[in-house]
Amino acid sequence: MSRILRTYDAVTAARVRKAYTLDVALEKVGLTADEVELLETHAEWRKSARLRVIQNQTVEQLQALKLPPTQGAVNTVCTAVFENCKRMFEDAELYGEDGSVPLAKMHSALFRGLAAMGCVQTFFEQLIVICEQDSVQTAHQRRWAAYWAQRIAAGFQLLKEFKKHCSTLPPEQVSRCGQAARVNLAQSWYAQRLKCATNHQLMLGLYVDCPWHLKLPRAYVMARLMAMNEYTKDIVPILLTLQEPPLSDEDQQKVKQLTQTYYAGSNVISGDPSSMKHIPTEAEKATNGHHDNNREETKIYTAEDLKDAIANIRNKRKSTEEATPPPKRAKQYGPWTEADITLDWGKYPLGTYHT
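Residues numbered from 1 in each chain as written. Predicted model: local features only at pLDDT ≥ 70, side-chain atom pairs only at ≥ 80, totals over all residues. Heavy atoms only, no water.

## Quick notes on the overall build of the protein chain
Thinking step 1. Across its full length, the protein chain carries 16 helices and three strands.
Thinking step 2. Out of the 355 residues belonging to the protein chain, those deemed buried represent 40%.
Thinking step 3. Intrachain contacts of the protein chain at a sequence separation of at least 6 include 71% that bridge at least 24 residues.
Thinking step 4. Carbon and sulfur atoms provide 54% of the accessible area of the protein chain, an area that totals close to 21100 Å². (Helix = DSSP H or I, 4+ residues; strand = E, 2+ residues; numbered from the N terminus. Buried < 20%, exposed > 50% of the residue type's maximum accessible area, 1.4 Å probe, protein only. Contact = heavy atoms within 4.5 Å. Areas by Shrake-Rupley, 256 points an atom, 1.4 Å probe, with all protein chains shown as cover.)

The following block contains the structure:
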């Protein structure tokens with residue numbers, strides 16, 4: 001497994017750097033001696049020097065491994081991916097925001113393979129753990145972990161939408177066409193749905209009947225919501241749309257608005273950009289005369305800040321209530337009520353009538 005994944009990592013790294021054949025990869029990409037040996041050995045064995053073919057073959061090899069259907073085997077696969085696909089993670093930092101590099105599309109086959117092997121759920125959860133850890137050891141990993149976790153979550157959201165779309169089509173258009181036609185149907189829908197972002201999202205399902213999905217219990221999603229930080233701010237709102245049983249539309253909208261308020265620039269596929277809170281630029285602040293040099297512009301608010309604010313409000317109310325003792329209840333005598341001691345008896349000689 002280790003050799004398969006290292007070969008995959010080397011060939012995709014070469015493709016990311018615009019190499020399409022083995023000769024070009026060896027000449028221009030700057031592969032290590034170990035990576036060169038892996039690619040040359042595979043090319044000679046499978047009689048192909050085209051990098052795309054080599055990449056597809058390594059994914060097929062990975063899926064063909066005979067693994068026991070246990071969580072231990074799943075953990076082994078995920079650990080192997082983390083240890084042997086280091087270039088894939090590094091490239092997420094280097095090229096994740098580069099619109100000219102179809103990084104997510106290029107790795108879609110691997111993630112479809114992991115999904116088919118029953119490993120993508122555990123892999124996703126381990127990425128989330130890295131995103132939520134606030135330690136020196138994982139600081140350099142959080143950016144690429146956030147990139148791939150967001151792509152996986154968005155990939156399942158898109159797959160859910162694709163299946164819903166297919167349910168509106170005539171049965172013969174979905175279930176009775178050949179494999180090529182079904183793949184074309186999926187690719188056409190993804191292209192129309194994502195437009196220019198097609199190359200930057202994972203295509204996790206090419207068929208409407210692919211069975212895999214993320215299992216997201218409510219307790220797990222709520223825990224992610226409470227632990228939400230800068231690295232998971234674009235992931236948690238997507239999880240809310242995928243959990244079973246689903247949240248109501250009203251609850252989802254509240255969480256999205258909260259996320260957008262805390263994290264300016266939060267980017268969620270299903271979100272409405274027009275509903276995002278407008279954060280004025282420095283020029284706008286200077287023009288409007290609202291700029292405050294002492295203001296902490298980069299403050300990031302979390303769920304803990306919200307809880308603290310609510311606690312402060314409650315404490316203030318409690319202090320006010322304690323400072324103002326409740327009025328003494330006046331005694332009643334039939335239709336009459338005992339007058340308050342502050343009343344001027346000269347004006348109310350007969351007491352106060354109870355109505």
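Next comes the rest of the account.
## Topic: helix α1 (residues 2–16)
Thinking step 1. Given a rise of 1.5 Å per residue, 15 residues ought to cover 21 Å, and the 21 Å separating the end C-alpha atoms of α1 matches this to within 8%.
Thinking step 2. Most of α1 is tucked away: 12 of the 15 residues are buried.
Thinking step 3. Buried within α1 are the following residues: Ile4, Leu5, Thr7, Tyr8, Asp9, Ala10, Val11, Thr12, Ala13, Ala14, Arg15 and Val16.
Thinking step 4. A positive phi of about 70° marks lysine 18, the residue just after α1. (Expected span 1.5 Å × (residues − 1).)

## Quick look at the pattern of salt bridges
Should the charged atoms of two oppositely charged side chains come close, the side chains can pair.
Thinking step 1. Under the defined criterion, the tally for this structure stands at nine salt bridges.
Thinking step 2. In this structure, the salt-bridge partner of arginine 87 is glutamate 35, at a minimum N-O distance of 2.6 Å. Note that arginine 87 is positioned in helix α6 (residues 86–95) and glutamate 35 in helix α3 (residues 33–46), a separation of 52 residues in sequence.
Thinking step 3. The closest approach of N and O atoms between lysine 233 and aspartate 234, which form a salt bridge, is 3.5 Å. (Salt bridge = Lys/Arg side-chain N within 4 Å of Asp/Glu carboxyl O.)

## Some thoughts on unusual backbone geometry
Negative phi characterises most residues that are not glycine, and trans characterises most peptide bonds.
Thinking step 1. Positive phi is not limited to glycine here, since lysine 47 has a value of about 60°.
Thinking step 2. Here lysine 47 is to be found in the loop between α3 and α4 (51–64).
Thinking step 3. Taking relative accessible area as the criterion, lysine 47 reaches 70% and is therefore assigned exposed.
Thinking step 4. The backbone of lysine 195 sits at a positive phi, close to 55°, despite the residue not being glycine.
Thinking step 5. Within the secondary structure, lysine 195 sits in the loop between α11 (179–194) and α12 (218–226).
Thinking step 6. With a relative accessible area of 61%, lysine 195 lands in the exposed category.

## Things to note about the packing of helix α5 (residues 71–84) against helix α8 (residues 120–132)
Thinking step 1. Where α5 meets α8, the closest approach of the two axes is 9 Å, and the angle between their N-to-C directions is 55°. Compared by their axis directions, α5 and α8 come out oblique. Helix-helix and strand crossings are classified by hand; for α5 and α8 the assignment is right-handed. Listed contacts from α8 to Gln71, Val74, Asn75, Cys78, Val81 and Phe82 of α5 are Thr122, Phe123, Gln126, Leu127 and Ile130.
Thinking step 2. In the contact of α5 with α8, the residues fall into seven nonpolar, four polar and no charged. (Axes fitted to C-alpha atoms, helices over the stretch in contact; angles between N-to-C directions. Parallel < 35°, antiparallel > 145°, perpendicular 65-115°, else oblique. Left-handed = near helix turned anticlockwise from the far one by under 90°. Nonpolar A, V, L, I, M, F, W, Y, C, P; charged D, E, K, R; others polar.)

Function cannot be inferred from these measures alone, as they are strictly geometric.
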